[in-house]
Amino acid sequence: MHEMSLMEGVAQIIDEAAQANGFRRVRKVTLEIGQLALVDPEAMRFCFAAVMEDSLAEGAVLEIVDVPGSGWCTPCAASVPMSDIIAACPNCGGYQVQATGGLEMKLSSLEVE
Ligand SMILES: [Zn+2]
């Protein structure tokens, strides 16, 4: 389950931010998860509780923002929505679609006290 190592990365970013900015509690963590990032939001929620236990983010609210996938279709020369990393173009039905958006997971904001 790679969500666990992703979440450990998030915990590390929070620790570094806490040292840099001097906060001691995190109330809310917002993660953006791209539809094409191959990250399971439910697994992230599970890992969040496990990884943040006994940390300064213990008991914090986890908000997950879904970022829709998008891609570039070469034959259509257009940007198209993508719901999967390998998906046919909704306009021409071809598979020459290169994913361009919704490919990553990132920590987008922290609410601290
Ligand atoms: Zn197309």
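Residues numbered from 1 in each chain as written. Predicted model: local features only at pLDDT ≥ 70, side-chain atom pairs only at ≥ 80, totals over all residues. Heavy atoms only, no water.

(A) Molecular detail of the coordination of the zinc ion. Taken together, Cys73 (SG), Cys76 (SG), Cys89 (SG) and Cys92 (SG) make up the full set of protein donors to the zinc ion, lying 2.2 to 2.4 Å away. One can describe the site at the zinc ion as tetrahedral: its four donor atoms subtend angles covering 106 to 115 degrees at the metal. Overall, Cys89 belongs to the buried group, its relative accessible area being 3%. Here Cys92 falls in the partly exposed class, since its relative accessible area comes to 41%. (Donors = N, O, S within 2.8 Å, 3.2 Å for Na, K, Ca; no water. Tetrahedral: all angles 85-135°; square planar, octahedral: opposite > 155°, others 65-115°. Buried < 20%, exposed > 50% of the residue type's maximum accessible area, 1.4 Å probe, protein only.)

(B) Geometry of the side chain of Glu3. Mapped onto the elements, Glu3 comes out in helix H1 (residues 2–21). One buried charge, Glu3, has no salt-bridge partner; the nearest side chain with opposite charge is Arg45, at 12 Å. Look past the residues within four positions of Glu3 in its chain and what remains in contact with it is Leu38, Val39, Asp40, Ala43, Met44 and Cys47. (Helix = DSSP H or I, 4+ residues; strand = E, 2+ residues; numbered from the N terminus. Lys, Arg positive; Asp, Glu negative; His and termini not counted. Salt bridge = Lys/Arg side-chain N within 4 Å of Asp/Glu carboxyl O. Contact = heavy atoms within 4.5 Å.)

(C) A look at the pattern of salt bridges. Under the defined criterion, the tally for this structure stands at five salt bridges. In this structure, Lys28 and Glu63 form a salt bridge, with 3.1 Å as the shortest nitrogen-oxygen distance. Remark: Glu63 occurs in strand E2 (residues 61–67) and Lys28 occurs in strand E1 (residues 26–34); sequence separation between them is 35 residues. On the accessibility criterion, Glu63 (32% relative accessible area) is partly exposed. Close ionic contact of Glu42 with Arg45 constitutes a salt bridge, the shortest N to O distance being 4.0 Å.

(D) Just the environment of Ala87, in detail. Considering the arrangement of structural elements, one finds Ala87 in the loop between strand E4 (78–82) and strand E5 (97–101). The class of Ala87 is buried, set by a relative accessible area of 15%. Counting along the chain gives ten residues from Ala87 to Val97, while the straight-line C-alpha distance between them is 7.4 Å.

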